[in-house]
Amino acid sequence: MIRMGLVGAGYALLPSDERWSPERSAFADSEPPTSPSTTPFVRPLPRPPKAQKVPPFYNLPNGVGPQVPGLPPPSDEHAQFLGPETRYFHVVAEERLHSFDPKIPDTLIWGYRDATVGAWPYGVGPILGGRFGFTALGAGMMVRHENQLPAYHTGFGVPITTVHFHGGHQLATSDGFPTNINGFPDFLTMPPSRPSSAFGYFDHCFPLTDPGFMDYYTGKSTKRPDVSERPSTLWYHDHLLGFTAQNVYRGLAGVAMMFDDLDTGVEEDPDTEALRLPSGLFDIPLVIQDKRFNRDGSPWFDTFDHDGFIGDKFLVNGAVQPYLEVQRRKYRFRFLNASNARIYQFFLTDDLRHTFSMTQIATEGGLLAEPIPNVQSFQIGMAERIEVVIDFTNLPGETFYMENRLQQTEGRKPDGLASRGTRILQFKVTGPGVAVDNSRVGKWDGSKVVLRSFDPIKTEVLQKAVRRTFVFDRSDGAWTINGKLAGDLERPMASPLRDGPEIWRLVNDSGGWWHPVHVHSEFGRVLKRNGRIPPAGERDGMAKKDTYLLRGDESVEVFFQFRDYKGPFTFHCHNLGHEDMDMMARFDVVDA
Ligand SMILES: [Cu+2]
């Protein structure tokens, strides 16, 4: 019914022959093609630049900040988050030709572009940059997402967008609710949006304030901001109801790199508080995706396959198997799995397939409490982020690889580990000798090496928590949550109290299927996995997460406290094929 609502509200505005229909999916009944053959490691790793600041979109009330004739005031709900320090960005979603590989004809993709530049030769969007650490309001980001996708296009994808800032803690209206669509009236419970036209824009407000900073609805300071809750790698992607898989696969994804007064992004920072992690040229986001191409370079996608898309070409930052020249020093790599349905397990290897260790420093929720050294490999599900530091200083040899040894041939789940995997990124050590390196991995606090220390949730808080169980299952070919058909966004499946402690038990009862479950609005603390203490990389006290990988018949117990913002928000599987087949539910954060 929701999807019918989408058709009614938005689709109807498209000419009837341009609406998506099964007939338009040319390859639906055919076997997947084999992509054109490519030669790995001939292209350097693309490094999409940061989005540039643009002038304010609004005149602030009461004469605050520059007053530009003709600019409107901000909406009431955004006004209190805006100030002279607010950073404005303008991102355009557009159709453009992109070269994924010299041997693949150029591909017509949908992608994000920084509106301050005319052309964007990247397969992923501009890097949004933000800084935490202001408990005062008005120092966040305001991002105008403008939809310039063609109303007329061929093939899959729907040129209507809503953008989710994944991992962000923000107003529900800026969260990319799947039906909160650019240009159309919101037809659920959302308040009216900023003005927009059929293919217009939507202004997203990302306050970047610490959770618990104030009571947004009364304007009262709460004096209990959680300053440890500052993510480092976020991302943004399309979140359109029923069509997220197609739209993200067509290219609508980008990264955000966040900093604060601890993780300053300056490895020479003289401030004794600063962590001095590898920075600048040595701090590199890696957006991992898989795709499949027809011989003419067009992207192949089966709109009937809701197990989840599996490609045969591996891309890093929009290039097939690129290489990166590295110096003999430390690097920070921010891995984002932006694939539709593929899970990876990465090993650092050499030509002889020897493996070398890495140091994990972060997850979705930002820096770990302490670094995890001697990581031989890490598994990363869809939408998860894992950051590692690799030290090339003393590695024997000149050529190394990021090798995925997790085999996967269908969207349901991986097949298992292989001894030889696919090398998706090559590292070529260049330059003579050891390079200058002022970075370090954590700092000594007198007893141990720490990154961003924080305490696990206290027992007395856990004892007061409201407990909920969500069982993800499959019945008659459709996803169910707690036995009910999933996908009803018209009413909430849960209504947690704002600020109230919650423990959610997420249970995968669907046997052979794996589901990375993403919960919006707040990071979670993983208390248990399969009834036991979770591994360090996700355990409360060490890590914060926003996506919880449920392998076959697994369960996790996660602590949440939904602060600041009332719903509606969603939680859903981040296998985009599953998400689009409604493996999604709504929850409303409410006041008593
Ligand atoms: Cu799933």
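Residue positions are given per chain, counting from 1 as you read along its sequence in written order. This being a predicted model, a pLDDT of at least 70 is required before a residue's local features are given, and a value of 80 or more before pairs of side-chain atoms are given or counted; all residues contribute to the totals for chains, interfaces and linings. Note: side-chain values were computed over all heavy atoms of the structure, leaving out hydrogens and water.

## Examining the coordination of the copper ion
Consideration 1: Distances from the copper ion to its protein donors, H515 (ND1), C573 (SG) and H578 (ND1), fall within 2.0 to 2.1 Å.
Consideration 2: One chain supplies every donor for the copper ion, spaced along it as H-x57-C-x4-H. Of this pair, H515 sits in strand 30 (residues 515–519) while H578 is found in helix 5 (residues 576–580), placing the two residues 63 residues apart along the sequence. Comparing H515 with H578 shows no difference in burial state: the two are buried. Because no water is among the atoms considered, metal sites can look incomplete, with donors defined as N, O and S atoms within 2.8 Å of the metal, or 3.2 Å for Na, K and Ca. Helix and strand labels come from DSSP, where a helix needs a run of H or I of at least four residues and a strand needs a run of E of at least two; each type is numbered from the N terminus. Here's how the labels work: a residue is buried when its accessible area is under 20% of the maximum for its type, exposed when over 50%, partly exposed in between, all with a 1.4 Å probe on protein chains only.

## Focus: the packing of aromatic side chains
Consideration 1: Each Phe, Tyr or Trp ring (for Trp, its six-membered ring) is paired with any other whose centre lies within 6.5 Å, and the angle between the two planes then decides the class: stacked below 30 degrees, edge-to-face above 60, tilted in between. Applying the stated criterion across every chain, the model contains 40 aromatic pairs.
Consideration 2: When the ring of Y249 is compared with that of F309, the centres are 4.4 Å apart and the planes differ by 50°; the resulting orientation is tilted. Here Y249, found in helix 3 (residues 244–249), pairs with F309, found in the loop between strand 11 (283–291) and strand 12 (313–316); they are 60 residues apart in sequence, far enough to count as distant. Pair check on accessibility: Y249 and F309 agree, each one buried.
Consideration 3: Aromatic pair F356 and F400: ring centres 5.5 Å apart, planes at 85°, arrangement edge-to-face. On the criterion of sequence distance, the pair formed by F356 in strand 17 (residues 355–356) and F400 in strand 22 (residues 399–407) is long-range, its members being 44 residues apart.
Consideration 4: Here F356 falls in the buried class, since its relative accessible area comes to 12%.
Consideration 5: Among the residues examined, F400 registers a relative accessible area of 0% and is labelled buried.
Consideration 6: An aromatic cluster of at least three residues, connected via ring pairs, comprises F470, F472, W504, Y548, F560, F562, F569, F571 and F587.
Consideration 7: Taking the ring centre of Y201 as reference, the NZ or CZ of R144 above it sits at 4.0 Å. Here, over-ring charges are defined by two tests on the NZ atom of lysine or the CZ atom of arginine: distance to the ring centre within 6 Å, and angle to the ring normal within 35 degrees.

## Describing the domain arrangement of the chain
When the parts of a complex come together, some accessible area is lost, and that lost area is often taken as the interface size.
Consideration 1: Taken as a whole, the chain is organised into domain 1 (282–450) and domain 2 (459–589).
Consideration 2: Distance between the C-alpha centres of domain 1 and domain 2: 26 Å.
Consideration 3: Any two residues whose heavy atoms approach within 4.5 Å at even a single point are treated as in contact. Across the contact, 24 residues belong to domain 1 and 22 residues belong to domain 2.
Consideration 4: Once two parts are joined, some of their accessible surface, as seen by a 1.4 Å probe, is lost; buried area is that loss totalled over both. Contact between domain 1 and domain 2 buries roughly 2,000 Å² in total, counting both sides, with carbon and sulfur atoms accounting for 57%.
Consideration 5: One side-chain nitrogen of Lys or Arg within 4 Å of one carboxyl oxygen of Asp or Glu is enough to make a salt bridge. Counting the contacts that link domain 1 with domain 2 gives 3 salt bridges. Domain limits in this description derive from either an automatic procedure or a database domain assignment.

## Section: the sheet that holds strand 13 (residues 319–320)
Consideration 1: Ordered by their spatial adjacency, 7 strands build an open sheet running 13-12-11-15-21-18-19, and the pairing between neighbours is mixed. Strands at the two margins of the open sheet, each flanked by one partner only, are strand 13 and strand 19 (366–375).
Consideration 2: In terms of strand pairing, strand 12 meets strand 13 through 2 bridges, oriented antiparallel. Following the sheet pairing, L315 is matched in strand 13 by V320. The criterion for strand pairing is that DSSP finds at least two bridges linking the strands in question.

## Some words on unusual backbone geometry
Most peptide bonds take the trans configuration, and most residues that are not glycine carry a negative phi.
Consideration 1: Cis geometry is found at the peptide bond from G567 to P568, where omega equals 15°.
Consideration 2: You can see P568 is positioned in the loop between strand 33 (555–561) and strand 34 (569–573).
Consideration 3: We note that L208 has phi near 55°; this positive angle belongs to a residue other than glycine.
Consideration 4: Along the polypeptide, L208 turns up in the loop between strand 6 (201–206) and strand 7 (214–215).
Consideration 5: L208 gets classed as buried once you look at its relative accessible area, which sits at 7%.
Consideration 6: Here N317, not a glycine, exhibits a phi torsion of approximately 50°, which is positive.
Consideration 7: Inspection of the secondary structure puts N317 in the loop between strand 12 and strand 13.

## Things to note about the environment of E229
Consideration 1: Among the structural elements, E229 can be located in the loop between strand 8 (220–221) and strand 9 (233–238).
Consideration 2: As a C-alpha pair, E229 and I503 span 274 residues in sequence and 18 Å in three-dimensional space.
Consideration 3: Not counting residues within four places of it along the chain, the set of residues in contact with E229 comprises D210, P211, E522, F523, R525, K544 and R563.

## Things to note about the side chain of R96
Consideration 1: Within the secondary structure, R96 is located in strand 1 (residues 87–98).
Consideration 2: A distance of 3.1 Å separates a polar side-chain atom of R96 from the backbone oxygen of Y112.
Consideration 3: For R96, the side chain forms a polar contact with the main-chain oxygen of W120, separated by 3.2 Å.
Consideration 4: R96 has contacts with T107, L108, I109, G111, Y112, R113, W120, Y122 and V124, leaving out every residue within four places of it along the chain. Side-chain atoms alone can form a polar contact between residues adjacent in sequence; in general such a contact is a pair of N or O atoms within 3.5 Å, and within protein one must be able to donate a hydrogen while the other accepts it.

## Structural notes on the pattern of salt bridges
Two side chains that carry opposite charge are able to pair once their charged atoms sit near each other.
Consideration 1: One pass over the structure, following the stated rule, counts 41 salt bridges.
Consideration 2: The closest approach of N and O atoms between D226 and R525, which form a salt bridge, is 4.0 Å. Within this pair, whereas D226 is found in the loop between strand 8 and strand 9, its partner R525 is found in strand 31 (residues 525–529), the two being separated by 299 residues in sequence.
Consideration 3: The closest approach of N and O atoms between R586 and D588, which form a salt bridge, is 2.8 Å.
Consideration 4: Linked by salt bridges that have partners in common, D226, E229, E522, R525, D540, K544 and R563 make up one network.

## So, the sheet that holds strand 6
Consideration 1: Reading across the sheet, the 4 strands line up as 2-1-4-6 and stay open at both edges, with mixed pairing between neighbours. Unpaired on one side and paired on the other, strand 2 (107–114) and strand 6 mark the two borders of the sheet. Strand-to-strand twist of the sheet, defined as the mean angle between neighbouring strand axes without regard to direction, takes the value 20°.
Consideration 2: Sheet analysis places strand 1 next to strand 4 (residues 141–147), joined by 7 bridges and oriented parallel. Residue V91 lies in a different strand from strand 4, and its bridge partner there is H145. To get an axis, fit a line to the C-alpha atoms, keeping to the stretch in contact for a helix; angles then go from 0 to 180 degrees between the N-to-C directions.

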